[in-house]
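Here are the chains, one letter per residue:
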Amino acid sequence: MGGLIVIEGVDGSGKSTQFSLLCRRLEQEGKEFRQTAFPRYGQPSAALLELYLQGQFGQKPDDVNPYAASVFFAVDRFASYQTDWRAYYEQGGLMLCDRYTTSNAVHQAGKLPPEQAAPFLDWLFDFEYVKMGLPRPSLVFFLDMPEQVSFELLRQRQGEAGDIHEKDREYLGRCRRQALEICQSQGWRRIDCAPKSRLASVQQIHEQIWRQVKELLEQNEKKR
């Protein structure tokens, strides 16, 4: 298999920017890959998750339990995999994802008290990777941005707009703390976006990511 690389982070952490830079770097290096981003807004498979994020099922993230909400997002991934990139991936292609099952892990486990988070994650990874048959990531990067910084960046970008996740600062804080624990338990690569409380440049963050992606690509080449 070529591999599956995921860029993850709480809202306002710069995922889309870093995802675009990584895609551009791979193109410059002449590497073949395909890309996708979740959720796939506007697709039929994303209808329920859009209603959820718009607040149609409740005005706060906690109004919908994490198991139900996770299914909304998982269905969208399943549809994407089955109809778009399964054959490419199974033939050894390299996939890049802006968010993945990892987002359910961060955003939905963040709704739970610590003693319930681990059983939820066991259920989630079994549900998506085993029951639904979605591939497990080869490499997950979590962009770790201090809560105050990420929330202010969101406000600058969106004002008072945003979905029910983005408007709830306390919830975003819980998600970040949960994500840091998952990084340790699941081997995700934490990217420190603000070392010593100083925001790193976009390029500095990209170089942290690229060094590790390059290692994965080199390992894959040796296996061939």
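Figured I'd write up the structure that's included with this text. All values derive from a computational prediction rather than experimental measurement.

1. What about the side chain of R176?
Moving on, step 1. Topologically, R176 is positioned in helix α7 (residues 169-186).
Moving on, step 2. In this structure R176 touches V10, D144, M145, P146 and E147, once residues within four positions along its chain are discounted.

2. Regarding the sheet that holds strand β4 (residues 139-144)
Moving on, step 1. With parallel pairing, the five strands of this open sheet are ordered in space as β2-β3-β1-β4-β5. Of all the strands in the sheet, the pair left with one neighbour each is β2 (34-37) and β5 (189-192). Put simply, the sheet's adjacent strands are angled 20 degrees from each other on average, direction ignored.
Moving on, step 2. Judged from the four bridges that link them, β2 and strand β3 (residues 94-98) form a sheet pairing that is parallel. Within the sheet, the bridge partner assigned to T36 lies in β3 and is C97.
Moving on, step 3. Running over the sheet, helix α1 (residues 15-28) touches β1 (3-9), β2, β3 and β4 and is turned about 160 degrees from β3.

3. Observations concerning the pairing of β3
Moving on, step 1. For β3, the buried fraction is high: five of the five residues fall into the buried class.
Moving on, step 2. Burial along β3 is two-sided: the face carrying L94, L96 and D98 and the face carrying M95 and C97 are both buried.

4. Describing the packing of aromatic side chains
Moving on, step 1. Summed over all chains, the structure comprises twelve aromatic pairs.
Moving on, step 2. Ring geometry for Y100 against Y129: centres 6.4 Å apart, planes inclined by 20 degrees, an arrangement best described as stacked. Here the residue Y100 occupies a position in the loop between β3 and α4 (101-109), and Y129 occupies one in helix α5 (residues 114-131), the gap between them amounting to 29 residues.
Moving on, step 3. Looking at Y100, the relative accessible area reads 0%, which means it is buried.
Moving on, step 4. With centroids separated by 5.6 Å and ring planes inclined at 0 degrees, the aromatic side chains of F125 and Y129 adopt a geometry described as stacked. Of this pair, F125 and Y129 both sit in helix α5, separated by four residues, roughly a single helical turn.

5. Comments concerning the pattern of salt bridges
Two side chains that carry opposite charge are able to pair once their charged atoms sit near each other.
Moving on, step 1. One pass over the structure, following the stated rule, counts twelve salt bridges.
Moving on, step 2. The salt bridge partner of R25 is E29, with a shortest N-O separation of 3.8 Å.
Moving on, step 3. Since its relative accessible area comes to 17%, R25 is described here as buried.
Moving on, step 4. If you follow the salt bridges from partner to partner, you end up with D144, R176, R190 and D192 in one network.

6. Things to note about the packing of α4 against α5
Moving on, step 1. For the pair α4 and α5, interaxial distance at closest approach is 10 Å and the crossing angle is 155 degrees. Of the possible angle classes, the one that applies to α4 and α5 is roughly antiparallel. Crossing of α4 over α5 shows right-handed handedness. The segment α4 lies against α5, with T101, N104, A105, Q108 and A109 engaging A117, F120, L121, L124, F125, E128 and Y129.
Moving on, step 2. Looking at the contact of α4 with α5, its residues break down into eight nonpolar, three polar and one charged.

7. Digging into unusual backbone geometry
Moving on, step 1. For the bond from F38 to P39, the omega torsion is -5 degrees, close enough to zero to count as cis.
Moving on, step 2. Mapped onto the elements of the fold, P39 is located in the loop between β2 and α2 (47-53).
Moving on, step 3. The backbone of R99 shows a phi angle near 75 degrees, a positive value even though the residue is not glycine.
Moving on, step 4. Tracing the backbone through its elements, the reader meets R99 in the loop between β3 and α4.

Basis of the calculations
- Residues numbered from 1 in each chain as written.
- Predicted model: local features only at pLDDT ≥ 70, side-chain atom pairs only at ≥ 80, totals over all residues.
- Heavy atoms only, no water.
- Helix = DSSP H or I, 4+ residues; strand = E, 2+ residues; numbered from the N terminus.
- Contact = heavy atoms within 4.5 Å.
- Pairing = 2+ DSSP bridges.
- Axes fitted to C-alpha atoms, helices over the stretch in contact; angles between N-to-C directions.
- Buried < 20%, exposed > 50% of the residue type's maximum accessible area, 1.4 Å probe, protein only.
- Phe/Tyr/Trp six-rings, centres within 6.5 Å; stacked < 30°, edge-to-face > 60°.
- Salt bridge = Lys/Arg side-chain N within 4 Å of Asp/Glu carboxyl O.
- Parallel < 35°, antiparallel > 145°, perpendicular 65-115°, else oblique.
- Left-handed = near helix turned anticlockwise from the far one by under 90°.
- Nonpolar A, V, L, I, M, F, W, Y, C, P; charged D, E, K, R; others polar.

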